[in-house]
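Residue-level structural notes
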Amino acid sequence: MNKRKLPFRLPVSTGMWTVFSVFIFLCVLISDANSQPLKLGQSVVTSYTFDDTGMVYNVVRVIDIRNHPPFTVAAGTYWNAPPQYVGPNWTRKRMRDVYGIAIDNETPPNFFISSTSVNCDTPDPNDSALIYRIDANTWLATTYIFTTFAPGPPASGNGVSTMPNTGPRIGNICYDNFHKQLFATNLEDGIIYRIKDNGFGVGNVEEYFDPSTLGFNPDDGTAGFAPFGERLWGIGSYGTNSNDVKVYFSRWVTSSYVTGVNEIWSVNLSGTGNFIPSTLAKVFAIDGIVPNDWSSPVADIEFSFKGDMLLGERSMSNNCSAAHASRILEYPRDISGNYNAASYILHNMGMLFNYGIFPNSTGGVDYDYGFSDSTNNTNIDCDSTIVGTGDYLFMPSGGGLVYGVQATSRSNAWTNNSQNYSDYVDINNNIFTSNDKTTPGDIDVYRKDLCSNTTCIKIVSDTTYCDSTGTYIYQFQVFNNSPTRSIEQLEIGVDSPQPPNYVVAIPSNINITPALPPRSASQVYKIKLIGPGAVAYAEVCYTLSAQYLHTDCPWCCFIENCIKLPICSCAEVLKDSIYCQNDQYYYNFTLQNGTQYTVTKIQLTSPGSTPITFIPQIIHFTPPISPGQNFPNQTALIIGGVAGQTIPVKIKLFSNDFECCYFELMYTLPPCDTLHLNLKSFIEGRYDPSTNTMVGDNIQVELRNSYSPYSLVESASGYLSGSGTISLEFYNAVNETNYYLVVRNSNSLETWSKSPGQSFSGDVMNFDFLSNTQAYGNNLRLIDSSPLRYGLISGDVNQDGVIDLADIVRILNDSKSFDTGVSDLNGDGVTNLADLTIAYNNV
């Protein structure tokens, strides 16, 4: 919990000049977050410093590798100081040691950073962060997944934002675009965790998968690193649609220099993104380095848009980083979607100064565009460049050594003269630093598949179902691939089947208002498919054309696609209802089998835009249900819905593994009993003691469990009035249970309520932060002596949990241009000396 920290206090006579001098010095080293949000073609890179006093070192950086210099044949190109950008709190002081990176597919994207111990720096025993989330717009790093400070057991479910860990930290992370979820390998227990956002910027562990069937025992709960053979590190996902995604991960069998090779395994995901444990399979053993036949563990797994697999090894001596024994390997994907262990390509990344035959990868790899133009915002030649992190990559002509990033033409990266087709970037822009060995970490490039067809559209998602009248409905969403043009109309024309068994699309034209912007996803459209050919199992092929805004080319952009119509007489709903009990929604239903098949199981999903999960999702029937027979009455828990929300319920019927049919129904969730919080609080900087009121502002209030690890139960936001009052509603809390109230404001210290927590009684909780004793650790500031009142402490503008030099610099910078925003502590609409004084007094 946050307590007020007092790192230092500047003398009044010299403090302002000291702050200004430090601010100027930091700006010379690296730019602040004026590049945000992340742009296509830019890279996110992690690194490390051995200097224990270097708490201001930025362990995460955005390096703008767009507009790279042309390759210099016979020399290689040292790219001196390409633009680098950092967020407000990407420092070692805030994030400690980090390695893994994952970028989501939002526009603009958020990105995630994982904590690590591979540098053998002992983690801070008070550091609870395992995975950080960096906000797409603010670039503020906040804790996404916490540690339990225990070796186990693992947990999942609503409100679980923790993973067991005693110090080994995380291996790596990856993002699944199709199901909008994060995967992480845990070096503590050898388990893969599936994580989704809870809607408030905190991760929720939906599920975990222990691949104990690899041939070793499940984790025994002993604190520390999982044993070799049980330990997992690199992880990546690939698929072409939501139904064929696989998660690939590396099995760390042996460290560098030790006989034995490491392995790549995979597990399939269901259409809703869950693990299918029965599909666990070994993909290949990594080819060893001769003559001793050994390999270094794989720290990173990435994929081209066509599915080729890129692996980055990292040299390790037991649990600690080493050097000069790690490769970058590429495994082409064949036409069947498989990878041949013998078909790998060794990319000579960092091999100019390799030791013997060993290249110098530090594990981070990714594909990149062949050319990115930041001026015209164009990206071409997808996946034609390979980027990687490494030690001892290059020696510029003027001396020094590059430790950092290498970008190499993919078609030449395997050759012995790959240096001719490479650019080299030193991460800290200091090639004469002698202690950079093993410090580079992971690298991810923000990229989207814009190269297959940059002038047209693609289907993002689609489904076909029957409505209540038995009419076929085709539902789809498109993405405008054009980098410059907007779409004002879509036309769908059915090509087959032909008369007399024809099918007609109604409507055939869809007007888009406002026009769909370049490189954007559309809303979901629905059309009817009618005609003599609209029958079960019929294949309907269509042409979808796009009309660009303000263009003379009438239908110059089109794609073709085929769908198969389902059975409409799938099942009859004899009775069903959705109800709320103890603040949880449930779906109760009874069906009659309307197919000609014997049904062994049904599956419940919700294909709408809002994540909805049913528990159980799959229901098995023993004995099976014969045609015309009624199913037993069933009840499923609904996770993710709120009162008044309309959700689709999709029910699939299976005969063993054969999908017989499916149908879809729409329901609106009824009201649930809510719990009411009546809160009183003031914010120091916005309070006026002469009027006993303040300038109102938005706040967020979290309910957290009163026991370790204080998991988030629910969060609500609202407007704290000038009189210091706010009423909020909560849906997941229960009466007579203690919770900590955590109050957050955009520029105040996070404040927790007093021990041992507070509870609702009769669905109501009344609480105030007007007295110092009401806050945990007396974490309030006296703001008025008559009446006696305390308030939230103002000045934490970067929300890192402490008011310090970084906040002063931010306010000082904003005050020069009289900007408004989070630096405006007193709410008068401008940032000036008054705000600076408030924060300065709280340092």
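Thresholds applied
Residues numbered from 1 in each chain as written. Predicted model: local features only at pLDDT ≥ 70, side-chain atom pairs only at ≥ 80, totals over all residues. Heavy atoms only, no water. Core = buried A, V, L, I, M, F, W, Y, C linked by side-chain atoms within 4.5 Å. Buried < 20%, exposed > 50% of the residue type's maximum accessible area, 1.4 Å probe, protein only. Helix = DSSP H or I, 4+ residues; strand = E, 2+ residues; numbered from the N terminus. Contact = heavy atoms within 4.5 Å. Pairing = 2+ DSSP bridges. Disulfide = S-S within 2.5 Å. Polar contact = N/O pair within 3.5 Å; in protein donor to acceptor, adjacent residues only side chain to side chain. Axes fitted to C-alpha atoms, helices over the stretch in contact; angles between N-to-C directions. Parallel < 35°, antiparallel > 145°, perpendicular 65-115°, else oblique. Nonpolar A, V, L, I, M, F, W, Y, C, P; charged D, E, K, R; others polar. Salt bridge = Lys/Arg side-chain N within 4 Å of Asp/Glu carboxyl O.

**Focus on the nonpolar core**
Within the largest apolar cluster, 35 residues are counted, with the highest numbers of intra-cluster contacts made by Val44, Val60, Trp90, Met95 and Ile113. Of all the elements in the fold, those that place two or more residues in this core are strand S1 (43-47), strand S2 (60-63), strand S5 (98-103), strand S6 (111-115), strand S7 (129-134), strand S28 (402-409) and strand S30 (440-445). For Val44, the contacting residues outside a window of four places in its chain are Leu38, Val60, Arg61, Val62, Ile101, Ile103, Phe111, Ile113, Asp442, Ile443 and Asp444. Of all hydrophobic cores here, the second largest spans 29 residues; its members include Cys456, Tyr472, Ile527 and Val540.

**Overview of the sheet that holds strand S55 (residues 751-752)**
Across the sheet, four strands lie side by side as S52-S51-S54-S55; this open sheet has antiparallel pairing. Either end of the sheet is taken by a strand with one partner, and the two such strands are strand S52 (712-720) and S55. The pairing of strand S54 (residues 739-744) with S55 spans two bridges and is antiparallel. Along S55, the bridge assignment pairs Val742 with Trp752.

**Considering the pairing of strand S16 (residues 263-269)**
Within S16, six of the seven residues are buried, leaving the element largely enclosed by the surrounding structure. Taken together, the six bridges between strand S15 (residues 246-252) and S16 define a ladder with antiparallel strand orientation. Of the residues in S16, the one forming a bridge with Arg251 is Glu263. When S16 meets strand S17 (residues 275-285), the two strands line up antiparallel, connected through six bridges. Bridged to Ile264 within S17 is Phe284.

**Topic: the sheet that holds S7**
Pairing is mixed in the open sheet, where five strands are placed in the order S5-S6-S7-S8-S9. Strands with a single pairing partner mark the edges of an open sheet, and in this sheet they are S5 and strand S9 (162-163). Relative to strand S8 (residues 141-147), S7 runs antiparallel, the two being bridged by five bridges. Paired with Ile131 across the bridge in S8 is Ile145.

**Some words on the state of the cysteines**
For the coordinates displayed, the defined rule picks out three disulfides. Disulfide pairing places Cys120 opposite Cys320 at an S-S distance of 1.6 Å. Looking down the S-S bond of the Cys120 and Cys320 bridge, the torsion is -85 degrees, so its handedness is left-handed. Linking Cys120 in the loop between S6 and S7 with Cys320 in strand S21 (residues 320-321), this pair joins segments that are 200 residues apart in sequence. Unpaired in terms of disulfides, Cys174 finds its nearest cysteine sulfur in Cys382, a separation of 20 Å.

**Some thoughts on the side chain of Asp383**
On the secondary structure map, Asp383 appears in the loop between strand S26 (378-380) and strand S27 (385-394). A relative accessible area of 7% means that Asp383 is categorised as buried. Side chain to side chain, Asp383 and Arg447 meet in a polar contact 2.8 Å long. Those residues in contact with Asp383 that lie beyond four places of it in its chain are Ser304, Phe305, Lys306, Tyr367, Asp368, Tyr369, Arg410 and Arg447.

**Digging into unusual backbone geometry**
The omega torsion across Gly152 and Pro153 is 0 degrees, close enough to zero to call that bond cis. Counting through the fold element by element, Pro153 comes out in the loop between S8 and S9. Across the junction of Ile615 and Pro616, the peptide omega takes the value 0 degrees, indicating a cis bond. Take Pro616: it is sitting in the loop between strand S43 (613-615) and strand S44 (618-625). One non-glycine residue with positive phi stands out, namely Asn692, at about 60 degrees. Structurally, Asn692 can be placed in the loop between strand S49 (687-688) and strand S50 (693-694).

**As for the packing of helix H3 (residues 805-816) against helix H4 (residues 833-841)**
Any two packed helices are characterised by the angle at which their axes cross and by the distance between the axes. H4 packs onto H3 with a crossing angle of 175 degrees between their chain directions and a minimal axis gap of 10 Å. Compared by their axis directions, H3 and H4 come out roughly antiparallel. Contact residues: Ile808, Ile811 and Leu812 in H3; Asp835, Leu836, Ala839 and Tyr840 in H4. Broken down by class, the residue content of the contact of H3 with H4 amounts to six nonpolar, no polar and one charged.

**A short note on the pattern of salt bridges**
Opposite charge on two side chains permits pairing when their charged atoms draw close. Scanning all chains against the criterion turns up 23 salt bridges. For Asp127, the salt bridge identified is with Arg169, shortest N-O distance 3.6 Å. A residue pair is termed long-range when its members are at least 10 positions apart, and Asp127 in the loop between S6 and S7 and Arg169 in the loop between S9 and strand S10 (170-176) qualify at 42 residues. Owing to a relative accessible area of 11%, Asp127 belongs among the buried residues under this scheme. Between Glu263 and Lys282 there is a salt bridge, with the nearest N and O atoms lying 3.4 Å from each other. Pair noted here: Glu263 is in strand S16 and Lys282 is in strand S17, with a separation of 19 residues, a long-range link.

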